[in-house]
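# Geometric and topological summary
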2 protein chains.
Amino acid sequence: MTERTMGPRPTLESVAARAGVSRATASRVVNGGAGVRGALVDKVRRAVEELGYIPNHAARTLVTRRTGAIAVIIGEPEFRVFSDPFFEQQVRGISRELTAQDAQLVLLWAEGPDDHTRIARYLGGGHVDGALAFSLHNDGALTAAIGRSGVPAVFGGRPDGPEAAGADVPYVDCDNRGGAREAVHHLVSIGRRRIAHIAGPRDQTSALDRLAGFHDVLPHADPEVVSQGDFTTESGARAMVELLARRPDLDAVFAANDLMAVGALRTLRERGLAVPGDVAVVGFDDMPSVAELADPPLTTVRQDIEGMGRLMVRLLMGILNHDKEAGQEGGAPVSVITPTALVRRASA
Amino acid sequence: MTERTMGPRPTLESVAARAGVSRATASRVVNGGAGVRGALVDKVRRAVEELGYIPNHAARTLVTRRTGAIAVIIGEPEFRVFSDPFFEQQVRGISRELTAQDAQLVLLWAEGPDDHTRIARYLGGGHVDGALAFSLHNDGALTAAIGRSGVPAVFGGRPDGPEAAGADVPYVDCDNRGGAREAVHHLVSIGRRRIAHIAGPRDQTSALDRLAGFHDVLPHADPEVVSQGDFTTESGARAMVELLARRPDLDAVFAANDLMAVGALRTLRERGLAVPGDVAVVGFDDMPSVAELADPPLTTVRQDIEGMGRLMVRLLMGILNHDKEAGQEGGAPVSVITPTALVRRASA
DNA sequence: ATGAAAGCGCTAACAC
DNA sequence: GTGTTAGCGCTTTCAT
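Residues numbered from 1 in each chain as written. Chains lettered and ligands numbered in written order. Predicted model: local features only at pLDDT ≥ 70, side-chain atom pairs only at ≥ 80, totals over all residues. Heavy atoms only, no water.

## Considerations on the protein's contact with DNA strand C
In the vicinity of DNA strand C there are 28 residues, among which L12(A), Y53(A), R28(B), R37(B) and R65(B) approach most closely. R28(B) is positioned with one of its side-chain polar atoms (N or O) 2.7 Å from a base oxygen of DNA strand C. R65(B) is positioned such that a nitrogen or oxygen atom in its side chain is 2.5 Å from a sugar or linking oxygen of DNA strand C. At the level of elements, helix 2 (23-30) and helix 4 (57-64) of chain A together with helix 2 (23-30) and helix 4 (57-64) of chain B are the ones that each hand at least two residues to the surface near DNA strand C. Ranked by residue count, the leading element in the surface near DNA strand C is helix 4 of chain A, at 5 residues. (Near = heavy atom within 4 Å. Polar contact = N/O pair within 3.5 Å; in protein donor to acceptor, adjacent residues only side chain to side chain. Helix = DSSP H or I, 4+ residues; strand = E, 2+ residues; numbered from the N terminus.)

This is how it looks when you write it as structure tokens:
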């Protein structure tokens, strides 16, 4: 490696000197070179190359008031947030889009209430330009802390709770309600009439919205046909047992996510019921290694999780640029609801 | 919320003014207050409180040349890095220790070769004080890029490949070889004599070291008794089939990780062989939701994964502080090998 | 113990 | 187009 005995790191000053221009011109070139004669642009570029110049981030931030970094805040009401494939996909989408926009991802892991103030301070400290957070349950305090910090933020999933009530925070979520409607419609369209629902946690908006979609199509459904789960496979199996006890004659079930649908499949198999022959099953999410590998493969509602992650970034960037230009609060923040699509496989 | 119509954010200047001291004194107080009269300390503290002053990070970094941020670099030769529970635990340990040290975690996700230069540039750009990376396979280029950047780095797992050869990079790893020895010793001590090994990928040092440990205890083992796996449950099951074909009389098997041990358990069960009656099985890792829940529960070698994550941070911080004081390269970087412990359960 | 002042590296008016 | 200049907010000698 031909590494010149690197003294102190080269500064814009040294680049300018070497190129025989002023610091201002050097700066212009480094930042795109608009309004600088081609000859000089070349000269400066060469100097940058030869010196191995890399702009000093702190100095730049100090004057521009932009850090180029975005915080991704992970609350952890549950164990295993990261192992969750849903989550991983979303963070991956975020990471990719951030990279594409040349921004950095600062990971903030909130493990408990003590961390809320720490995070609020951090956000308030101007370390990042904006924040991305997720609407998990029990995170009212975190949501509030983020709001208080004054840093623009976008949520993944529709926020809930009193803190979010009038707040009108921008978020990205899939059309949970519409997707659920489509799922139930599908069951109706293939002739099912005694349709049950395995609902997700009552403190997660996605679960509530899916339940609402179910009721949109079946407004007169008996409360007995909806059983409560918690998004785990186990709970799905248990809920299916309950439903079967209450309604032995049911001919279809819509589970609020794939994992619970797989649990239901298990119970059904144990009882010797054929799917979809006796009971048709529809899930939600279209989790890669879940829906496709289920037995039988799961008909489910797909959502573009990675895309939602990317969208969160774009939305945030939009808000940041808007803020910059419009000075004060521009138009109300606009949330994005992404479409879902029914994926037909063998289970319904 | 009593929020004064916040104009521009308060600066040290305004704090000093309000406290009736100089900026220098205010700065001293903000940074611990050493060598400042108690009365003044109080005054300044109060001003900070009243104004809601938060130090400007960029300005501070500009003069101190310290960012207070550490990069965590995630290479991704495989799909599903983050879903890996091993990985999650380690990152969690890192995150916790970083928080404890009041440092920030900047996540760098390297998805392909194109990202190497991007990452090298980022590291070289002085955005972070140091970096943490992992020794996955096929990451020679990444490792090299990190090295070239000149930023102090600590690896998780013993690095491999030509790039790491003479480089002598600091790393944190568990005593894979010693742990493997202990596992095999245990099998010997309970009277097993025909012991086989299911090895992990040949391009991962952890797998190689475990294999070496196996040979330490059984130097004359026939090559036939070691079968190749890739750390997945599936591969463990297949490897067990092979071993059984080659050595129908084997009475014990040491798998290089828990997942493969579980696979072996499955094959054994299918063949109607009792564990540990006919064949004793030992794994490696003591993965929470794997070893304990296996049937029968797995005897395995435990390593403190989260602790290793924390150690990576401490080691890095040690290097950073050392660099700062000693000016130039201090003593050679010292890696840490953490101890393992055999956990006896039912399988051996 | 405290203050005055220099300067970290950069961008952005503003002049030319 | 290009250069000059004034800070951004902070830490840190260096006097006092």
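Read on for the rest.
## Topic: unusual backbone geometry
At the junction of V275(B) and P276(B), the peptide bond is cis and its omega measures out at 5° in the coordinates. With respect to the element layout, P276(B) can be found in the loop between helix 12 (258-270) and strand 9 (280-282). One non-glycine residue, R65(A), lies in positive phi territory at about 65°. You can see R65(A) is positioned in the loop between helix 4 and strand 1 (69-75). With a relative accessible area of 67%, R65(A) lands in the exposed category. (Buried < 20%, exposed > 50% of the residue type's maximum accessible area, 1.4 Å probe, protein only.)

## A word on the packing of helix 1 (residues 12-19) of chain A against helix 2 of chain A
When two helices pack together, their arrangement is captured by the angle between the axes and the distance separating the axes. All names here are of chain A. At a minimum axis distance of 8 Å, the contact between helix 1 and helix 2 shows a crossing angle of 105°. Judged by the inter-axis angle, helix 1 sits roughly perpendicular to helix 2. Contacts from L12, E13, V15 and A16 in helix 1 reach R23, A26, S27 and V30 in helix 2. Looking at the contact of helix 1 with helix 2, its residues break down into 5 nonpolar, 1 polar and 2 charged. (Axes fitted to C-alpha atoms, helices over the stretch in contact; angles between N-to-C directions. Parallel < 35°, antiparallel > 145°, perpendicular 65-115°, else oblique. Contact = heavy atoms within 4.5 Å. Nonpolar A, V, L, I, M, F, W, Y, C, P; charged D, E, K, R; others polar.)

## Details of the protein's contact with DNA strand D
Near DNA strand D you find 28 residues, and of these R28(A), R37(A), R65(A), L12(B) and Y53(B) are the closest. Restricting attention to atoms of DNA strand D within 4 Å of the protein, one finds that 62% of them are sugar or phosphate atoms. A distance of 3.1 Å separates a base nitrogen of DNA strand D from a polar atom in the side chain of R23(A). Y53(B) places a side-chain nitrogen or oxygen 2.4 Å from a phosphate oxygen of DNA strand D. Elements represented by at least two residues in the surface near DNA strand D include exactly helix 2 and helix 4 of chain A together with helix 2 and helix 4 of chain B.

## As for empty space enclosed by the protein
Enumeration over the complete set of coordinates arrives at 5 cavities of 30 Å³ or more. Taken as a whole, the largest cavity spans an internal volume of roughly 280 Å³. Around the largest cavity sit 20 residues that line it, and H57(A), T67(A), H127(A), H57(B) and H127(B) are the ones nearest its centre. Going through the elements one at a time, helix 4 and strand 2 (104-110) of chain A together with helix 4 and strand 2 (104-110) of chain B are the ones with two or more residues in the lining of the largest cavity. The residue inventory of the lining of the largest cavity, partitioned by class, reads 8 nonpolar, 12 polar and no charged. (1 Å grid on protein atoms, 1.4 Å probe; cavity = no way out; pocket = protein on both sides within 12 Å on 5 of 7 lines; lining within 4 Å. Points joined across faces, edges and corners; volume = space filled by probe spheres on them.)

## Comments concerning the UniProt feature "domain: HTH lacI-type" (unreviewed entry) in chain A
Mapped onto this numbering, the UniProt entry gives "domain: HTH lacI-type" (unreviewed entry) at residues 10-64 of chain A. Regarding residues 10-64 of chain A, the helix share stands at 69% and the strand share at 0%, and the terminal C-alpha atoms are separated by 21 Å. (UniProt positions renumbered as here; feature names shortened; annotations may be inferred.)

## A few points about the relation of the copies chain A and chain B
Take chain A, turn it by 180°, move it 0.0 Å along the axis, and it overlays chain B with an RMSD of 0.1 Å. What we have between these two chains is a two-fold relation. Looking at the interface residues of chain A, 100% of them are also at the interface in chain B, so both copies use one shared face. (Least-squares fit on C-alpha atoms with pLDDT ≥ 70 in both.)

## Some remarks on the sheet that holds strand 8 (residues 252-255) of chain A
Residues and elements named next belong to chain A. Spatial strand order, 7-6-8-9-10-12: 6 strands in an open sheet with mixed pairing. Strand pairing shows two members of the sheet lacking a second neighbour, strand 7 (226-228) and strand 12 (341-343), which therefore form its edges. Each adjacent strand pair in this sheet contributes to an overall mean axis angle of 20°, direction not counted. Of the strand pairs in this sheet, strand 10 (residues 299-302) and strand 12 are connected by 3 bridges, and their pairing is antiparallel. Along strand 12, the bridge assignment pairs V301 with L342. (Pairing = 2+ DSSP bridges.)

## Considering the packing of aromatic side chains
What the rule picks out here adds up to 4 aromatic pairs over all chains. Each ring, one from F254(A) and one from F284(A), has its centre 6.5 Å from the other, and the planes form 45°; the classification is tilted. Placement of F254(A) in strand 8 and of F284(A) in strand 9 (residues 280-285) is noted, with a sequence separation of 30 residues between them. A cation over an aromatic ring shows up here: R210(B) above the ring of F284(B), its NZ or CZ 3.8 Å from the ring centre. (Phe/Tyr/Trp six-rings, centres within 6.5 Å; stacked < 30°, edge-to-face > 60°. Lys NZ or Arg CZ within 6 Å of the ring centre and 35° of its normal.)

## Some details on the pairing of strand 9 of chain A
All names here are of chain A. The element strand 9 is extensively covered by neighbouring structure, given that 6 of its 6 residues are classed as buried. Inspection of the sheet shows strand 8 paired to strand 9 by 3 bridges, in the parallel sense. Bridging from a neighbouring strand, F254 pairs with V282 of strand 9. Crossover connection from strand 8 via helix 12 (residues 258-270) to parallel strand 9: handedness right-handed. As paired strands, strand 9 and strand 10 are joined by 4 bridges and run parallel to one another. (Right-handed = clockwise from strand over helix to strand, strands pointing away.)

## A look at the sheet that holds strand 5 (residues 171-174) of chain B
The pairing of strands in a sheet happens through backbone hydrogen bonds and is either parallel or antiparallel. The strand order across the open sheet built from 12 strands is 11(A)-5(A)-4(A)-3(A)-1(A)-2(A)-2(B)-1(B)-3(B)-4(B)-5(B)-11(B), with neighbouring strands paired in mixed fashion. Single-partner strands in this sheet number two, and they are strand 11 (336-338) of chain A together with strand 11 (336-338) of chain B. The average angle at which neighbouring strand axes cross in this sheet is 25°, direction not considered. As paired strands, strand 1 (residues 69-75) of chain B and strand 3 (residues 130-134) of chain B are joined by 4 bridges and run parallel to one another. For I70(B), the partnering residue across the bridge sits in strand 3 of chain B and is G130(B). On the sheet, helix 6 (residues 114-124) of chain A packs against strand 1, strand 2 and strand 3 (130-134) of chain A together with strand 2 of chain B and is oriented at approximately 155° with respect to strand 2 of chain A.

## Concerning the environment of A199(A)
Along the chain, the position of A199(A) falls in strand 6 (residues 195-199). It is 8.5 Å that separates the C-alpha atoms of A199(A) and F254(A), two residues lying 55 residues apart in sequence.

## Here's the deal with the packing of helix 1 of chain A against helix 3 (residues 38-51) of chain A
All names here are of chain A. Running from N to C, helix 1 and helix 3 point in directions that differ by 125°, and their axes come no closer than 8 Å. Considering their axes alone, helix 1 and helix 3 lie oblique with respect to each other. You can see that helix 1 and helix 3 cross each other, and the crossing is right-handed. Residues S14, V15, R18 and A19 of helix 1 pack against K43, V44, A47, V48, E50 and L51 of helix 3. Tallied by class, residues from the contact of helix 1 with helix 3 come to 6 nonpolar, 1 polar and 3 charged. (Left-handed = near helix turned anticlockwise from the far one by under 90°.)

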